[in-house]
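The chain contents come next:
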There are 4 protein chains.
Amino acid sequence: VNDLLSDNSAGLCPEALAALTAEAAGPADAYGADDATARATARIRDLLGADVEVFFVATGTAANTLTMAALTDRWETLLCEEYAHLAVDESTGPEILGGGTRVVTVPCEGHKLTPDALRARDATIPRGVHHPAPGVVTVSNASEHGEVYTPDELAALGTTAHELGYRFHVDGARFANAVAALGCDPRELTTHLDALTFGGAKNGLALGEAIVLFPGDHQARAAARVPHLRKATGHLLSKHRFLTAPFAAALTDGAWLRHAGHANTLARKLSDGLAAVGLPPRFPTDANMVFVSLPDHVADGLRGRGWRFHMPGHPDWRMARFVTSFDTDPALIDRLVADAGDVAQAR
Amino acid sequence: VNDLLSDNSAGLCPEALAALTAEAAGPADAYGADDATARATARIRDLLGADVEVFFVATGTAANTLTMAALTDRWETLLCEEYAHLAVDESTGPEILGGGTRVVTVPCEGHKLTPDALRARDATIPRGVHHPAPGVVTVSNASEHGEVYTPDELAALGTTAHELGYRFHVDGARFANAVAALGCDPRELTTHLDALTFGGAKNGLALGEAIVLFPGDHQARAAARVPHLRKATGHLLSKHRFLTAPFAAALTDGAWLRHAGHANTLARKLSDGLAAVGLPPRFPTDANMVFVSLPDHVADGLRGRGWRFHMPGHPDWRMARFVTSFDTDPALIDRLVADAGDVAQAR
Amino acid sequence: VNDLLSDNSAGLCPEALAALTAEAAGPADAYGADDATARATARIRDLLGADVEVFFVATGTAANTLTMAALTDRWETLLCEEYAHLAVDESTGPEILGGGTRVVTVPCEGHKLTPDALRARDATIPRGVHHPAPGVVTVSNASEHGEVYTPDELAALGTTAHELGYRFHVDGARFANAVAALGCDPRELTTHLDALTFGGAKNGLALGEAIVLFPGDHQARAAARVPHLRKATGHLLSKHRFLTAPFAAALTDGAWLRHAGHANTLARKLSDGLAAVGLPPRFPTDANMVFVSLPDHVADGLRGRGWRFHMPGHPDWRMARFVTSFDTDPALIDRLVADAGDVAQAR
Amino acid sequence: VNDLLSDNSAGLCPEALAALTAEAAGPADAYGADDATARATARIRDLLGADVEVFFVATGTAANTLTMAALTDRWETLLCEEYAHLAVDESTGPEILGGGTRVVTVPCEGHKLTPDALRARDATIPRGVHHPAPGVVTVSNASEHGEVYTPDELAALGTTAHELGYRFHVDGARFANAVAALGCDPRELTTHLDALTFGGAKNGLALGEAIVLFPGDHQARAAARVPHLRKATGHLLSKHRFLTAPFAAALTDGAWLRHAGHANTLARKLSDGLAAVGLPPRFPTDANMVFVSLPDHVADGLRGRGWRFHMPGHPDWRMARFVTSFDTDPALIDRLVADAGDVAQAR
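Residues numbered from 1 in each chain as written. Chains lettered and ligands numbered in written order. Predicted model: local features only at pLDDT ≥ 70, side-chain atom pairs only at ≥ 80, totals over all residues. Heavy atoms only, no water.

Before going further, it helps to examine the overall build of chain A. For chain A, the count of helices and strands is 13 helices and nine strands. A globule of 347 residues ought to have a C-alpha radius of gyration of about 20 Å, and chain A, at 20 Å, matches this closely. For chain A, the spread of C-alpha atoms along the three principal axes comes to 60 × 55 × 35 Å. Looking at chain A as a whole, 67% of its 347 residues are labelled buried. The long-range share in chain A, meaning contacts at least 24 apart out of those at least 6 apart in sequence, stands at 77%. A total accessible area of about 10,700 Å² is found for chain A, and carbon and sulfur atoms account for 51% of it. Counting 30 positive and 42 negative side-chain charges, chain A places the averaged centre of each group 4 Å from the other. (Helix = DSSP H or I, 4+ residues; strand = E, 2+ residues; numbered from the N terminus. Rg over C-alpha atoms; globule rule 2.2 N^0.38 Å. Buried < 20%, exposed > 50% of the residue type's maximum accessible area, 1.4 Å probe, protein only. Contact = heavy atoms within 4.5 Å. Areas by Shrake-Rupley, 256 points an atom, 1.4 Å probe, with all protein chains shown as cover. Lys, Arg positive; Asp, Glu negative; His and termini not counted. Charge placed at Lys NZ, Arg CZ, Asp CG, Glu CD.)

Once that is clear, we can look at the interface of chain B and chain A. With 49 residues of chain B at the interface, the matching set in chain A holds 49 residues. Summing both partners gives a buried area of about 3,700 Å² for chain B against chain A, and 59% of it is carried by carbon and sulfur. On the chain B side of the interface with chain A, the three residues burying the most area are Asn-8, Ala-232 and Lys-239 of chain B, jointly 16% of the side's total. The interface formed by chain B and chain A contains two salt bridges. Linking Arg-308 of chain B and Asp-29 of chain A is a salt bridge whose minimum nitrogen-to-oxygen distance equals 2.7 Å. Where chain B packs against chain A, one counts 29 residue pairs in polar contact (both at pLDDT 80 or more). If you list the elements that add at least two residues to the side of chain B that touches chain A, you get α1 (14–23), α3 (60–71), α5 (93–98), α9 (219–232) and α10 (241–250) of chain B. Split into classes, the residues belonging to the side of chain B that touches chain A amount to 23 nonpolar, 16 polar and ten charged. (Buried area = accessible area lost by both parts, 1.4 Å probe. Salt bridge = Lys/Arg side-chain N within 4 Å of Asp/Glu carboxyl O. Polar contact = N/O pair within 3.5 Å; in protein donor to acceptor, adjacent residues only side chain to side chain. Nonpolar A, V, L, I, M, F, W, Y, C, P; charged D, E, K, R; others polar.)

Below, the discussion takes up the relation of the copies chain B and chain A. Of the two same-sequence chains, chain B is brought onto chain A (RMSD 0.0 Å, axial shift 0.0 Å) by a rotation of 180°. Taken together, the turn and the small shift mark the pair as related by a two-fold rotation axis. The overlap is high: 100% of the interface residues of chain B also sit at the interface in chain A, so the same surface is used on both sides. (Least-squares fit on C-alpha atoms with pLDDT ≥ 70 in both.)

For the rest of this paragraph, the subject is the confidence of the model for chain A. For chain A, mean pLDDT is 96; residues scoring 70 or higher make up 99% of the total. For this predicted complex, the interface confidence comes out at an ipTM of 0.97, alongside a pTM of 0.97. (pLDDT = per-residue confidence, 0-100.)

Considering all chains together, one arrives at 32 aromatic pairs over all chains under this definition. With a centroid separation of 5.0 Å and 45° between ring planes, the pair formed by Phe-309 of chain B and Phe-322 of chain B is classed as tilted. Placement of the pair is Phe-309 of chain B in the loop between α12 (296–304) and β9 (319–323) and Phe-322 of chain B in strand β9, with a sequence separation of 13 residues. In this structure, Phe-309 of chain B and Phe-322 of chain B share a single accessibility class: buried. For the ring pair Tyr-83 of chain D and Trp-317 of chain D, a centre distance of 5.3 Å and an interplane angle of 35° mean the geometry is tilted. Taken as a pair, Tyr-83 of chain D in the loop between β2 (76–81) and α4 (85–88) and Trp-317 of chain D in the loop between α12 (296–304) and β9 (319–323) lie far apart in primary sequence, 234 residues in all. Assessed through its relative accessible area of 15%, Trp-317 of chain D is described here as buried. Joined through ring pairs, the aromatic side chains of Phe-56, Phe-175, Phe-198, Phe-247 and Trp-256 of chain A make up one cluster. Seen from the ring of Tyr-149 of chain C, Lys-112 of chain C lies directly overhead, with NZ or CZ sitting 5.6 Å from the centre. Over the ring of Trp-317 of chain D we find Arg-282 of chain D, and its NZ or CZ is 4.4 Å from the ring centre. (Phe/Tyr/Trp six-rings, centres within 6.5 Å; stacked < 30°, edge-to-face > 60°. Lys NZ or Arg CZ within 6 Å of the ring centre and 35° of its normal.)

Judged by nonpolar contacts, the single largest core of 119 residues is most densely connected at Ile-44, Leu-48 and Phe-198 of chain A together with Leu-48 and Phe-198 of chain B. When residues no more than four places from it in sequence are discounted, the contact partners of Ile-44 of chain A are Gly-49, Val-52, Val-54, Phe-56, Ala-210, Val-212, Phe-247 and Leu-251 of chain A. Core analysis: the second largest hydrophobic core is formed by 118 residues, Ala-210 and Leu-237 of chain C together with Val-148 and Leu-251 of chain D among them. (Core = buried A, V, L, I, M, F, W, Y, C linked by side-chain atoms within 4.5 Å.)

Once chain A is rotated about the relating axis by 180° and shifted along it by 0.0 Å, it coincides with chain D to within an RMSD of 0.0 Å. Both copies present the same face, since 100% of the interface residues in chain A are matched by interface residues at the equivalent positions in chain D.

By the element assignment, Glu-76 of chain A lies in strand β2 (residues 76–81). Residue classification places Glu-76 of chain A among the buried positions, given a relative accessible area of 9%. If we ignore the near neighbours within four places in the chain, the residues touching Glu-76 of chain A are Leu-71, Thr-101, Arg-102, Ala-133, Pro-134, Gly-135 and Arg-167 of chain A together with Thr-92 of chain D.

This part covers the pairing of strand β7 (residues 209–213) of chain A. Regular strands place side chains that alternate from one sheet face to the opposite one. All names here are of chain A. Counting buried positions over the five residues of β7 gives five, a clear majority of the element. Here β7 shows a buried face lined by Glu-209, Ile-211 and Leu-213 and a second buried face lined by Ala-210 and Val-212. Across five bridges, strand β1 (residues 53–57) lies against β7 in antiparallel orientation. Note on β7: the bridge partner recorded for Val-57 is Glu-209. Here five bridges tie strand β6 (residues 195–199) to β7, and the two strands are oriented antiparallel to one another. (Pairing = 2+ DSSP bridges.)

Bringing the sheet that holds strand β1 (residues 53–57) of chain C into the picture now. Through backbone hydrogen bonds, the strands of a sheet pair up, either in parallel or in antiparallel fashion. Residues and elements named next belong to chain C. Here seven strands make up an open sheet; going across it, the order is β1-β7-β6-β5-β4-β2-β3 and the pairing mixed. Where the open sheet ends on each side, the last strands, each with one partner, are β1 and β3 (102–106). Strand after strand, the sheet turns through a mean of 20° between neighbouring axes, direction not considered. (Axes fitted to C-alpha atoms, helices over the stretch in contact; angles between N-to-C directions.)

With an omega of -10°, the peptide bond between Asn-141 of chain A and Ala-142 of chain A qualifies as cis. Topologically, Ala-142 of chain A is positioned in the loop between β4 (133–140) and α7 (151–163). Although it is not a glycine, Arg-318 of chain B sits at a positive phi angle of roughly 50°. Its place among the elements puts Arg-318 of chain B in the loop between α12 and β9. Overall, Arg-318 of chain B belongs to the partly exposed group, its relative accessible area being 45%. Here the phi dihedral of Ser-91 of chain C falls at roughly 45°; this positive angle occurs in a residue that is not glycine. Here Ser-91 of chain C is to be found in the loop between α4 (85–88) and α5 (93–98). Look at Ser-91 of chain C and you get buried, because its relative accessible area is 0%.

Many authors give the size of an interface as the accessible area that is lost as the parts come together. Listed by partner, the interface residues are 28 residues for chain A and 28 residues for chain D. A combined buried area of about 1,900 Å² lies between chain A and chain D, and 49% of that area is made up of carbon and sulfur atoms. When the buried area of chain A at its contact with chain D is split by residue, Ser-91, Thr-92 and Arg-102 of chain A rank highest and sum to 27% of it. The interface formed by chain A and chain D includes two salt bridges. Its salt-bridge partner being Glu-95 of chain A, residue Arg-102 of chain D comes within 2.4 Å of it at the nearest N-O pair. Run the count over chain A and chain D and you get 14 residue pairs in polar contact (both at pLDDT 80 or more). At the level of elements, α4 (85–88), α5 (93–98), β3 (102–106) and α6 (115–123) of chain A are the ones that each hand at least two residues to the side of chain A that touches chain D.

Residue and element names in this part refer to chain D. Here we have seven strands laid out as an open sheet, ordered β1-β7-β6-β5-β4-β2-β3, and mixed in their pairing. Each having just a single partner strand, β1 (53–57) and β3 (102–106) make up the two edges of the open sheet. Sheet twist, expressed as the mean angle between neighbouring strand axes with direction ignored, is 20°.

This part is about helix α8 (residues 175–182) of chain B. Every buried residue of α8 of chain B is listed here: Phe-175, Ala-176, Asn-177, Ala-178 and Val-179 of chain B. Where α8 of chain B is buried, its residues touch α2 (35–48), β5 (167–172), β6 (195–199) and α11 (255–276) of chain B.

Once that is clear, we can look at the packing of helix α1 (residues 14–23) of chain C against helix α1 (residues 14–23) of chain D. In a pair of packed helices, the angle between the axes and the distance between the axes together describe the arrangement. Between α1 of chain C and α1 of chain D, the shortest axis-to-axis distance is 11 Å and the interhelical angle comes to 175°. Classified by the angle their axes make, α1 of chain C and α1 of chain D are roughly antiparallel. Side by side, α1 of chain C and α1 of chain D meet where Leu-17, Leu-20 and Thr-21 of chain C of the first sit next to Leu-17, Leu-20 and Thr-21 of chain D of the second. When the residues that make up the contact of α1 of chain C with α1 of chain D are grouped by side-chain class, the tally is four nonpolar, two polar and no charged. (Parallel < 35°, antiparallel > 145°, perpendicular 65-115°, else oblique.)

So, in structure tokens, the structure goes:
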């Protein structure tokens, strides 16, 4: 099927299915006191540091909003890119789970957040009890528009956030794609973080995200709060091993990076192909998403040929989003480029 | 392993695993717009009525608390048995997800709630803006202590609840066990309900509960609210088919009732066996749980032989809970009864 | 008028009116940065200790619920007498302002809470993330039924609360009546407290309660939270001096104790009078409220003669509440006793 | 004193003090069942229509946030000017009292909101359960920068808001100033409103704002919700008459408009005077506030002469705010203009 709607549309990677099958028989302690959860936690500590605290939940919205709730008080803000998933795609989750969190967006025209933009936005919010107080700065890496923040960019943002009195969080629903894109040690992307949402579902799991809390001023309090908040919001899965065993499996032997790398490679292939037929990407294609401003006849033409893709973002942009995943077939990309070339010339 | 801790400790039934395997490859629309979700919804409508509204979530706490949130205003009450899962085992989930719901427990000494007890408790809460207003009456069927409410009992409770201005909900984390125990049409257990939590995880799924809303005064409003609340609390799973395909499979060809019936049969076998060695059940063994007041030397003796079980409820009761599940081995029950007989006489 | 409905029905004491008049002209800094607020704070520190933190709000519900919100996390409990104002008369305020607080009532048959009852109730709530965690124990002094907790009783309750992991709060909507009743130094009633709601409205102010936070493990955090919570819930009055100047005035030269003492004296006079005509008080008349179980013909007879009183509490008790206040006329009490005698004999 | 900090710094108007004095003696029913509340309600109905619903609270933040809470569901938005009091000066009140409301600001450079700006901002928020849903559009009249929305402007905004699926609210903390400025019938400013916060405190009361709900699709539901929400958030004053009697008095014989007109006149006088010394207003001086961009030496010079004023808004603007009130002395304005002229030339 001609489907590049989302990495949420993709299936289950072989490692995840094998892990589910292996766990199917027999009892295991509920609520996370099981071996699979211990393994998944250990794998994340191998990757990100022995001193991180790790909690698993089913959805990215849960991971993000619970992390915000754990890191903030009810009168504090969440500062983020204007297109952040937390601001756009999680309904009023930050407010409800945070018990009041104010969501403050920073204009960024779809691009990455900068320390200057962060400072400028913060400067418009006076301090004092009359005003929402500094809470968390969060960016998505890879970003919602498929760009990847480098270690230096994250360090600068984290430093700025901390100077201004905020904690610093990365929404890593596509963290694997960011790491694969940069080819770096994952720890290089977390040096200044208080928390990371480490995504699984968009990279071949059925479900599952990890809340990772890093050492520092805020870890102890947040780590004490997440378990209560996770339970009290219905996010503590009873048969926890079916959440964590696939996660552990995907983190073994580099499977997670192979899957993300595959998706990234095909996104780049698509981006290059579309550019060659006169449809250059709207943003750098760092990760597994290609954004292209499509004239109406091209968008309609592609839909007429059965292609499925999302039209997000600012209404003026006429922008299509194509997302690749761990199991995208290279031949599908070839066909899409060919079809795009056809319909673009057809006018 | 000598594990009768919980039906949350059990694994994955064959139908669920097969369904996950079948869904693993290829794309499907996210967030519930997929065939598996349509099938699961249709199966529940086959069982409970073409006019029910159905929503799926991962956990029982999510199903219960979102249903409460959908059925109440923020100044209303949740009336339940003093041992209800919603009151005891979901932290402050009803309050947080409901945005303020007051939890009011009705003394019941571990037994089923009665219309008289309900009326008496309600009478202590004055009407008017100073006081929490009537919200939802909820009972668990099977109950937290393994008893099963009959159709007549539920009809009487529902009628009373409605007369007093409450909606009526059943927490059916073990609804399958209740239906299997009574051998009735499931609809006989839902005649007076506004909402049902239809459980999957305790009956052989990896995860998954259905929120079922019944026709009546409250269905339209609640059905309009659940989708927003489910998303805004992080409970809308993206790769929805991995939640719903196993559910659909378990509801096909009566698998769900076979599994629950097996668990019930073994609980009865255990209950009878324990009674025969002088350890009669504290409550009628209607479903898949056996509660026994164990003298300390018996509890310690069983633990010494490797048996695992839960000690819930009122501290004075010294009560052990043994839970059977879809995959409990009859030989395990025989061994437990033999061991219990040994240690009980050993003093 | 024959009105003994409530000390909320009474007017404004002379000291309060004089203070309002004196503040009427000219500007003063808003939001509490004014002289009157400084004076009121200083007066409370004179009474309760130089190291208490003090915040003013308009209503008792605000004072109580904000204090709970400041002292608890969202997954914690509020343990109180089953007839506590916080549990019965503040709608779902504790839950909404606390962002999730569970209200847990302790059976007490209308009488004062005891350490044993507290321990017994706490023992029914298991520890761990599945369950609401220990938050605040609160009692009303004077109690909702007009009894007064002694220093020893409060010390025992506070010690028990702290041992069990709770903070300890007194709802002092009628704190003045308690102090006047005991004739003690107010500090004797606050030795084991983390927080006190120090009431003004029921003792002759138009409005106004003080949140008082005592030194100890919880003061710093709560004192940092109250200002944000007070503002974010709309409880920070802009023209603060009109809230605090009357409070300061009433706390000067013992006016607050004279007013409360007057009310107490007349309640005792009423209690003795009613007992003499065969209507003994249901609870000891320690403060400014008299509770009497009235046969229907007596209640109806008194209403027929124009008497107004409240009928609270358990529906089986047929209990009338008569409340005296700073401006109750002794002649009114004489007339009520005479009328009660008449109608009681009239059958 | 040289104080033009705020109309929150002003005192009590004579009508309000007289009303408090008149109510001081004797009992009255609590919680709004008193004559003064009936009179205040009747006066507002005289002004705004017999079919409006009216509720009184102590603070503007309470009035605004409770109205938002009553008019929205927990997954809905509040759209407002980027400088709206609700967005800037009420901490996270809209989120906390609304149980999750998303605050969305519309860029307006300090000026009045327009239908086009409203449409453009709304267009960036997709519809569907993933995104916050349309809730309330609110503007302040007079605006936070002292401009007044005309009846035509409000009608256009209200029509647009309703077309887009929002309710329409006016924050009338300075409603009296808007009416006085336009010299119109108050009803001309409420034709398209679902709700109005009718301010009292900034116009000479000690405290007090009215929540006014207008006939239409949303009145019945909101009017049923406000009483519960008001109580459950601690905003139902017990001795209600001391809140409402001054309100009723100020609304009698046009006192409220005389007071607001006086303040407006002096603001205009100040605005003209400052313009004449080279300090033109940054926004039209429609109501009782004058905003001027002050060079540092002027701001410092005025402060050096004892003048007190607020420096709000965007940090780049260097903008001072001078606010007049019901009791501002014309001689004070003369002195301020003279001093401003002096220090402006002094460089």
